[in-house]
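# Understanding the architecture of this molecule
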Amino acid sequence: MEWVAVAQQLDRDLLAIEMIKSGLATQENNIRSIPLFDRNTGKPISKIDFKELGAAGMIINQVSAEALIALVANSIETFSIRLERHMGVKWEPFTKPCNNIEYAERARQFRALNNIFKHQEGYIESANSRSAKFLVENGYFKDETYLKHLGAEDIISNFELAIYEVFAHMYDICYQLANLQNSETSKSGTELIESLKERVVYEIIQPNLTPSAS
């Protein structure tokens, strides 16, 4: 049952990512919901306030992308460590990949992007980085692209789905090693997202505070 320890860590990491993603989205929505007109006078807000709102919205979108990419990359590294510790199997997206399992490329993409943010300050320069070279040669970006000027969907299209594809790949590595019939990579799109959310996200039921009729 060593595979359970590995799968439980994936559950924990994916839940943590969902919680942080939700918090970041709430903050971005709060910023973007600030009215552009004074509620009392009906006049437009000042140009300075308008620019500050625009800048704040842009910054949180960019920071959110970087933070979530780092969290996914950390989950990939943790999975690799626990896979070897609990199941005696070495796996790494680039050096020891499982290309026979769907979405293997997604794990490499997130790992490479995190390396660019971590070691190159978000600047893709293929001559000086293996991760940058991978991203350029595989058509993800043009050389000399600065990622910190881009939002989440500009860095990875269908950003949320991409995150879930990485986790589906790791779950299925675990399942195959345990000789289980479960398969997350048989799903795609919304079905894949909902399947894994049902697995890891706890349903919180708000109590009904309305007094019942006597």
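What counts and how
Residues numbered from 1 in each chain as written. Predicted model: local features only at pLDDT ≥ 70, side-chain atom pairs only at ≥ 80, totals over all residues. Heavy atoms only, no water. Phe/Tyr/Trp six-rings, centres within 6.5 Å; stacked < 30°, edge-to-face > 60°. Helix = DSSP H or I, 4+ residues; strand = E, 2+ residues; numbered from the N terminus. Buried < 20%, exposed > 50% of the residue type's maximum accessible area, 1.4 Å probe, protein only. Polar contact = N/O pair within 3.5 Å; in protein donor to acceptor, adjacent residues only side chain to side chain. Contact = heavy atoms within 4.5 Å. Expected span 1.5 Å × (residues − 1). Arc of directions from axis to C-beta. Salt bridge = Lys/Arg side-chain N within 4 Å of Asp/Glu carboxyl O.

Below, the discussion takes up the packing of aromatic side chains. In this description, an aromatic ring pair is defined by two values, namely the gap between the centres and the angle between the planes. Inspection of every chain in the model, using the stated rule, returns 6 aromatic pairs. With a centroid separation of 6.5 Å and 55° between ring planes, the pair formed by tyrosine 123 and tyrosine 146 is classed as tilted. Separated by 23 residues along the polypeptide, tyrosine 123 in strand β1 (residues 123-124) and tyrosine 146 in strand β2 (residues 145-146) bring together distant segments of the chain. Judged by relative accessible area, which is 29%, tyrosine 123 ranks as partly exposed.

With respect to the element layout, lysine 21 can be found in helix α1 (residues 2-32). What makes lysine 21 buried here is its relative accessible area of 16%. In terms of polar contacts, lysine 21 uses its side chain to reach the side chain of glutamate 18, at 3.0 Å. Those residues in contact with lysine 21, other than ones at most four positions away along the chain, are Leu68 and Glu160.

Time to look at unusual backbone geometry. A positive phi angle, near 75°, is found at tyrosine 103, a position not held by glycine. The residue tyrosine 103 is located in the loop between α2 (47-87) and α3 (104-120) in this model.

Taking 1.5 Å as the rise per residue, helix α7 (residues 189-200) with 12 residues should run 16 Å; its terminal C-alpha atoms sit 17 Å apart, in good agreement. Of the positions making up α7, those classed as buried are Leu192, Ile193, Ser195, Leu196 and Val200. End-on view of α7: buried residues confined to an arc of 165°, all on one side of the axis. Along α7, the residues that are exposed and aim more than 90 degrees away from the buried face are Thr190, Glu191 and Glu198. Turning to α7, the residues buried within the fold contact α1 and α6 (159-177).

The next point concerns the pattern of salt bridges. Under the defined criterion, the tally for this structure stands at 11 salt bridges. Lysine 197 is the partner of glutamate 160 in a salt bridge, and the nearest nitrogen-oxygen pair spans 3.1 Å. Pair noted here: glutamate 160 is in helix α6 and lysine 197 is in helix α7, with a separation of 37 residues, a long-range link. Between lysine 187 and glutamate 184 there is a salt bridge whose closest N-O contact spans 3.4 Å.

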